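# Structural characterization, general
Single-letter residue listing:
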Amino acid sequence: MSESNAHEIARAAKSAFEGSQLVPTSERVKALHEIRNALEANKTQILEANKHDLQAAKAEVDAGRMSESLMKRLDLGKGDKWDSMLQGISDVAGLPDPTGSVSYASELDDDLELYRVSCPIGVLLVIFEARPEVVVNIASLAIKSGNAAILKGGKESNRTTSLLSKAISAGLSKTSLPETYVQTIQTRAEVSSLLELDQYIDLVIPRGSNSLVRNIQNNTRIPVMGHADGICSVFLDETADVEKAVRIVVDSKTDYPSACNAAENLIIHEAVLNTVWPAVAKALLEAGVTLLCDSASLTAVKSLPSPPKNLDRHVQLSQPSSYSTEHLSLTLSVIVLPSLKSAIEFINSHSSHHTDSIVTESDASASTFCRGVDSAGTFVNASTRFADGFRYGFGTEVGISTGRIHARGPVGLEGLVTYKYMMRSKGSSGHIVGEFGTGKKQYKHKKIEANAVPF
C-alpha cells in the first residue's frame, strides 16, 4: 500500500467523522438496523466464506504455523456466535446515546454558563486477529458513539471479514452517513502506513496476541487502548465454600479457554489445601484440564482418593514462568500461599491486571481483595468469564482495556467518547476575562443541574 493510499483512507475517515457530527442519533440507530438486515440477508454466503477460512486455518494449524486457539476464535458458526453478533447490534442500537450528556455544569457569572459534554473521540483504527465478528462489534459501537472507524482483521479471516464489510457498507448506503464511515483494510503494510497518520487517526485499539499489541504500542504516536495479555487468577480464600469453588474455578478455566478472561492461575489459601482443593482438582481433571502445580498443591493432588485416570498425564510440576503465562488452553497454573495479603501481592506482580476473582464467605476478605488487587475487574464468588461487554450490558465491546486512563475493563459505548467544554454567554455585551480579578467581578462557580446542554 502506498503512502498516498493510506492518506486517502485516513483522510476519508476523518472527513466522514467531521461530516457526521450533525447527523441525528436516529440516523445512526437506523444505520445499525440496516446493517443487521444486510447481514441477515447475506448469512449463507458469509458463513460459507467462514468455512473456507476455517479450512485454510486448519491447514496452517496442521503445518504448525498457527495455534489451535487462534483457529477456534475464527469460527463464526460455532454455537450461538452468529446470533449473538446480530443481537449485539440490536442491543447497541437500543442503548442510550453516549454523546451529548452533561457531566458538569457551572454558572461562572450571571448569564455565563459552562458545560462539560460527552462527544465522540474521532477516527478509530481497530486491529484484531481471527475473530471476524469483531468487525461487526466495532462497527456497531463506532456508529452509535459517533466515531468513524478503520478496521483491520487478521489475514486468516479475510474471506469472512470482506463479506461482513460489504454488508456494513450496504447498510450505511441506506442512510445519510457516508460509506467511508466504516472502512476495512487487509494488509500489514496498510497498518504500518496508517500508524504514522496521527493527524487523521485519534485512537488505535488492538485486539489479539501479546506480540500484536506490543508491536502496535511500539510503532505509533497515536494513543493505544487495549491489553496485551489476559492472565486472570482465581483465589480460594480460607473461608471458600467448596461447591462455589468448584463451579467458579471450572467455569473460569473451561467455559472458553482461549478467551482473554479465562483463568490462567489458581491460588489456594493453605488453610483449604486439604479440604477445598481436592474437590476442585478432581473437577478440573475430570474436565480435561492440565494442572501445573507447585510442590504443595501437587502433593495434595497425588493423595486424592479414587484419583481420576488422567492424573499422571494431566498433573505436572510448575515452573516459575508458569504463573506469567497466558495458556489459552485447558492448562491451569496452581500455587499455594499462606494468606490473603500474599495472594494479592502475587496477583499484582504476576497478572496482566485484567480480571481476578476471590471465592470467599468473608465480607472483609472480599472487600480487601477487591480494593487491593490492581486489575480492571475484581470479582467476588463469580467466574472471571463475566468480564465481557455483552455480559456487562454494554451491547457488545470494542475490547478490554487494562490501562488506567480514560477507559478500563470492557470498553463499550461510554469508553468511546471523550468530552468537550461548551460555554455560552447570554449577556447583552458578551463576557470578557478582563472584567474579572482583584477589585473587579468574582467568579460565582455555582453548580447548575443539567442533563443536556440547553443550546
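Before going into details, it helps to say that this report is about the structure given with it. The shown structure was predicted, so the numbers you read here are calculated from the model rather than taken from an experiment.

Reading the values: the criteria
- Residues numbered from 1 in each chain as written.
- Predicted model: local features only at pLDDT ≥ 70, side-chain atom pairs only at ≥ 80, totals over all residues.
- Heavy atoms only, no water.
- Helix = DSSP H or I, 4+ residues; strand = E, 2+ residues; numbered from the N terminus.
- Buried < 20%, exposed > 50% of the residue type's maximum accessible area, 1.4 Å probe, protein only.
- Contact = heavy atoms within 4.5 Å.
- Core = buried A, V, L, I, M, F, W, Y, C linked by side-chain atoms within 4.5 Å.
- Pairing = 2+ DSSP bridges.
- Axes fitted to C-alpha atoms, helices over the stretch in contact; angles between N-to-C directions.
- 1 Å grid on protein atoms, 1.4 Å probe; cavity = no way out; pocket = protein on both sides within 12 Å on 5 of 7 lines; lining within 4 Å.
- Points joined across faces, edges and corners; volume = space filled by probe spheres on them.
- Nonpolar A, V, L, I, M, F, W, Y, C, P; charged D, E, K, R; others polar.
- Polar contact = N/O pair within 3.5 Å; in protein donor to acceptor, adjacent residues only side chain to side chain.

So, on to unusual backbone geometry. Among all residues save glycine, negative phi is the norm, and among peptide bonds the norm is trans. With phi around 65°, D111 is a residue other than glycine that occupies positive phi space. Mapped onto the secondary structure, D111 falls in the loop between β1 (102–109) and β2 (112–120). For D111, a relative accessible area of 37% corresponds to the partly exposed category. Notably, H445 is not glycine yet its phi reads approximately 50°, a positive angle. Position of H445 relative to the elements: it lies in the loop between β16 (417–425) and β17 (446–447).

Turning our attention to the environment of N215. Looking at the secondary structure, you find N215 in helix α9 (residues 210–217). As for N215 and V398, which are separated by 183 residues in sequence, their C-alpha atoms are 19 Å apart.

For the rest of this paragraph, the subject is the environment of A387. Mapping A387 onto the fold places it in the loop between β13 (377–380) and α16 (389–392). Given the relative accessible area of 2%, A387 is considered buried. A sequence separation of 126 residues divides A387 from N261, and the C-alpha atoms of the two residues are 6.2 Å apart. Once residues within four sequence positions are removed from consideration, A387 is found in contact with N261, H354, T355, F379, Y392, I400 and P410.

Formed by 67 residues in total, the largest nonpolar core has its most connected members in L39, I143, I150 and L194. For this core, the element with the highest residue contribution is helix α6 (residues 133–145), accounting for eight residues. When near neighbours in sequence (up to four residues on either side) are disregarded, I150 contacts I9, A10, A13, V123, L124, L125, V126, Q183, I185, L194 and I201. Residues L236, V250, V272 and V334 belong to the second largest nonpolar core, which totals 32 residues.

The parallel open sheet is built from four strands, whose spatial order is β5-β4-β3-β6. This sheet does not close on itself; its edge strands, each paired only once, are β5 (182–185) and β6 (203–207). Sheet twist, expressed as the average angle between the axes of neighbouring strands with direction ignored, equals 20°. Of the strand pairs in this sheet, strand β3 (residues 123–128) and β6 are connected by five bridges, and their pairing is parallel. Paired with V126 across the two strands is I205, which belongs to β6. On top of the sheet, α6 reaches β3, β4 (148–152), β5 and β6; it is set at about 165° to β3, its chief contact. Across the face of the sheet, α9 comes into contact with β3 and β6 while running at roughly 165° to β6.

Taken as a whole and assessed by the stated rule, the structure comprises one cavity of 30 Å³ or more. Estimated volume of the largest cavity: approximately 40 Å³. Along the walls of the largest cavity sit F128, V135, L151, K152, G153, T161, S162, S165, T184, I185 and Q186, which together make up its complete lining. Sorting the residues of the lining of the largest cavity by element identifies β4, α7 (158–172) and β5 as the ones contributing at least two each. In terms of residue count, the dominant contributor to the lining of the largest cavity is α7 (three residues). Here the residues of the lining of the largest cavity sort into four nonpolar, six polar and one charged.

To continue, consider the environment of T254. By secondary structure assignment, the location of T254 is in helix α10 (residues 242–254). Once the C-alpha coordinates of T254 and K447 are considered, the two residues, 193 residues apart in sequence, prove to be 51 Å apart. Apart from residues lying up to four places away in sequence, T254 is in contact with A287, V289 and L330. Within the structure, T254 has its side chain in polar contact with the backbone oxygen of V250 (distance 2.6 Å).

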